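Residue strings, one per chain:
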Protein chains: 2
Amino acid sequence: MAKKNLESEIMLAAEKLFIEKGFEATSTTDITKMVGCNQALVNYYFRTKEKLFQKIFSQKLEHIWSFMTLESNKSISLFDFISRFINAYFEELTTNKKLPFFIINELVINQERRKFIREEIILSDKFQNYYTTLNNLVQAEVKKGTIRDIEPSDLLLHIISLTVFTFISLPLYEDFFLKDDVGVQNYVNDRKEEIIILIINGIRK
Amino acid sequence: MAKKNLESEIMLAAEKLFIEKGFEATSTTDITKMVGCNQALVNYYFRTKEKLFQKIFSQKLEHIWSFMTLESNKSISLFDFISRFINAYFEELTTNKKLPFFIINELVINQERRKFIREEIILSDKFQNYYTTLNNLVQAEVKKGTIRDIEPSDLLLHIISLTVFTFISLPLYEDFFLKDDVGVQNYVNDRKEEIIILIINGIRK
DNA sequence: GATGTATTTAATAAGTCTATTAAAAACAGT
DNA sequence: ACTGTTTTTAATAGACTTATTAAATACATC
């Protein structure tokens, strides 16, 4: 039996519900009902529902973002980067299937959160370094003549589009073709392999 | 001055707001405030907010879906299909930039709407024909040896992933890189060309 | 112009939601 | 065991929601 700590229990329940149903559709009553404590505790520990959300959101964002940059450092060549990155990305999202939708959704809906990301991530040194590293990898291959001349941003967008969309659309796949967990997992794995092939083939000369 | 017709004015306002902010975040008061009429009219014309939403949702879905099938019939070869389809798809979504997010969002959130799609679209003859046509196009090219052996579903998913994600993430691009309408349009056009190249290159042998 | 129907409004019921407040309970340290 | 602090609860204010109702207005047809 874990030590009872309502603050973190509320965080966990909120995380689950926010990711499942989004900010609007989740009430503080839902959250505390899940924990089994009084609704006022949300305000006691986090002041407002919005602040609780922000805490969870930036936590999740930091998680996924630090994961992304971590993966890029390990790579030596571009093709290595691509397949390694997509593999790790898929593995990461497989254990957090709803995360892509959660993040995209809130970023699209809420302009404030976009500004937050811009300042915290896009303008950060870490991102600039990350992008420069990727750019070097790409330029090296272009010079060698192994790939066509492509913007690193396009490459990155291809990877993110195809990976993220796979997980966003997962509930659709599940219900359209009546698949169980195993079926879904097979589908995800197949998509992963196919996406790697498409991208590597697609940038080759 | 158009003939005043509050029923359709409500529909239009609701369409705008639902697409902009989603079902939950839009209130019937918002909608009628926009039109400038009494809130009770929503219930008078559409019985419930949910029914109003459903009407708009299936209208939009029908629009995009009939567009997709229309485009497939015009194509003769696979490469023709791909570039023609992506071009038309992008053009369509350029005039309805928020539509992809709207549809995906509601489908992910609401299982009932997924079931609706399954019955109305996936299981329809029209879809089955559509898929068979695509399959024939793909098989023909595989036999000719011009492309690698790929599932038509994968090809379709590639196209949809890359196209839809471009528009879903548009607000992010806009705010991250501080682009105006012209900048955004250039970006969209560049992405379109790049996506066509990636896919055609990516399925070639 | 009277009469029946369709449209629109104002008022409001009944529910939900978040945040606040004051009191109660649990837990320290002495 | 007493005292001060932290945690938790119950109760509730106040602001929204959607949907319903009955009354008012506009419209059409005879």
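Each remark here, short or long, concerns the structure printed above.
Residues numbered from 1 in each chain as written. Chains lettered and ligands numbered in written order. Predicted model: local features only at pLDDT ≥ 70, side-chain atom pairs only at ≥ 80, totals over all residues. Heavy atoms only, no water.

1. A look at the pattern of salt bridges
- Applying the stated criterion across every chain, the model contains 24 salt bridges over all chains.
- Of the charged contacts, one joins Glu194(A) and Arg148(B) as a salt bridge, the two residues approaching to 2.9 Å between their closest N and O atoms. Here Glu194(A) is found in helix α11 (residues 181-203), whereas its partner Arg148(B) is found in the loop between α8 (125-144) and α9 (152-168) on a different chain.
- In this structure Glu194(A) comes out as buried when scored by relative accessible area, which is 8%.
- The exposure class assigned to Arg148(B) is buried, which follows from its relative accessible area of 11%. (Salt bridge = Lys/Arg side-chain N within 4 Å of Asp/Glu carboxyl O. Helix = DSSP H or I, 4+ residues; strand = E, 2+ residues; numbered from the N terminus. Buried < 20%, exposed > 50% of the residue type's maximum accessible area, 1.4 Å probe, protein only.)

2. Examining the protein's contact with DNA strand C
- For DNA strand C, the set of nearby residues contains 17 residues, the closest of which are Thr28(A), Gln39(A), Lys49(A), Asn38(B) and Tyr45(B).
- The sugar and phosphate moieties of DNA strand C supply 62% of its atoms located within 4 Å of the protein.
- Lys49(A) places a polar main-chain atom, nitrogen or oxygen, 2.9 Å from a phosphate oxygen of DNA strand C.
- Here a phosphate oxygen of DNA strand C and a backbone polar atom of Asn38(B) are 2.7 Å apart.
- Broken down by secondary-structure element, the contributors of at least two residues to the surface near DNA strand C are α2 (28-35) and α3 (40-46) of chain A together with α3 (40-46) of chain B.
- For the surface near DNA strand C, the element with the highest residue contribution is α3(B), accounting for 4 residues.
- A class-by-class count of the residues in the surface near DNA strand C yields 7 nonpolar, 8 polar and 2 charged. (Near = heavy atom within 4 Å. Polar contact = N/O pair within 3.5 Å; in protein donor to acceptor, adjacent residues only side chain to side chain. Nonpolar A, V, L, I, M, F, W, Y, C, P; charged D, E, K, R; others polar.)

3. Some words on the packing of helix α8 (residues 125-144) of chain A against helix α9 (residues 152-168) of chain A
All names here are of chain A.
- Taken N-terminus to C-terminus, the directions of α8 and α9 make an angle of 105 degrees; their axes are 9 Å apart at the nearest point. It follows that α8 is roughly perpendicular to α9 by the angle criterion. On α9, the residues that touch Tyr130, Tyr131, Leu134, Asn135 and Val138 of α8 are Pro152, Ser153, Leu155 and Leu156.
- For the contact of α8 with α9, the per-class residue count stands at 7 nonpolar, 2 polar and no charged. (Axes fitted to C-alpha atoms, helices over the stretch in contact; angles between N-to-C directions. Parallel < 35°, antiparallel > 145°, perpendicular 65-115°, else oblique. Contact = heavy atoms within 4.5 Å.)

4. Details of the interface of chain A and chain B
- The partner chain B presents 41 residues to the 41 residues of chain A that form the contact.
- Roughly 3900 Å² of surface becomes buried between chain A and chain B when both sides are summed, with 69% attributable to carbon and sulfur atoms.
- Sorting the residues of chain A by area buried against chain B places Phe165(A), Phe176(A) and Leu198(A) first, and these three jointly supply 17% of that buried surface.
- If you look at where chain A meets chain B, you find 6 salt bridges.
- Counting across the chain A and chain B interface gives 18 residue pairs in polar contact (both at pLDDT 80 or more). (Buried area = accessible area lost by both parts, 1.4 Å probe.)

5. Looking at the relation of the copies chain A and chain B
- The two copies are related by a screw operation: chain A maps onto chain B through 180 degrees of rotation and 0.0 Å of translation along the axis, at an RMSD of 0.1 Å. Read as a symmetry element, the transformation amounts to a two-fold axis. Considering only C-alpha atoms, the residue of chain A closest to the rotation axis is Gly202(A), which sits at 1.8 Å.
- Comparing interface residues between copies, 100% of those in chain A also lie at the interface in chain B; the contact surface is shared. (Least-squares fit on C-alpha atoms with pLDDT ≥ 70 in both.)

6. Digging into the packing of aromatic side chains
- Across all of its chains, the model carries 38 aromatic pairs over all chains by this definition.
- Both rings, one in Tyr173(B) and one in Phe177(B), keep their centres 5.4 Å apart while their planes meet at 55 degrees; by these two values the pair is tilted.
- Centroid distance Phe176(B) to Phe177(B): 6.5 Å. Interplanar angle 85 degrees. Geometry classified as edge-to-face.
- By the ring-pair criterion, three or more aromatic residues cluster together here, those being Phe18(A), Phe23(A), Phe53(A), Phe57(A) and Phe102(A). (Phe/Tyr/Trp six-rings, centres within 6.5 Å; stacked < 30°, edge-to-face > 60°.)

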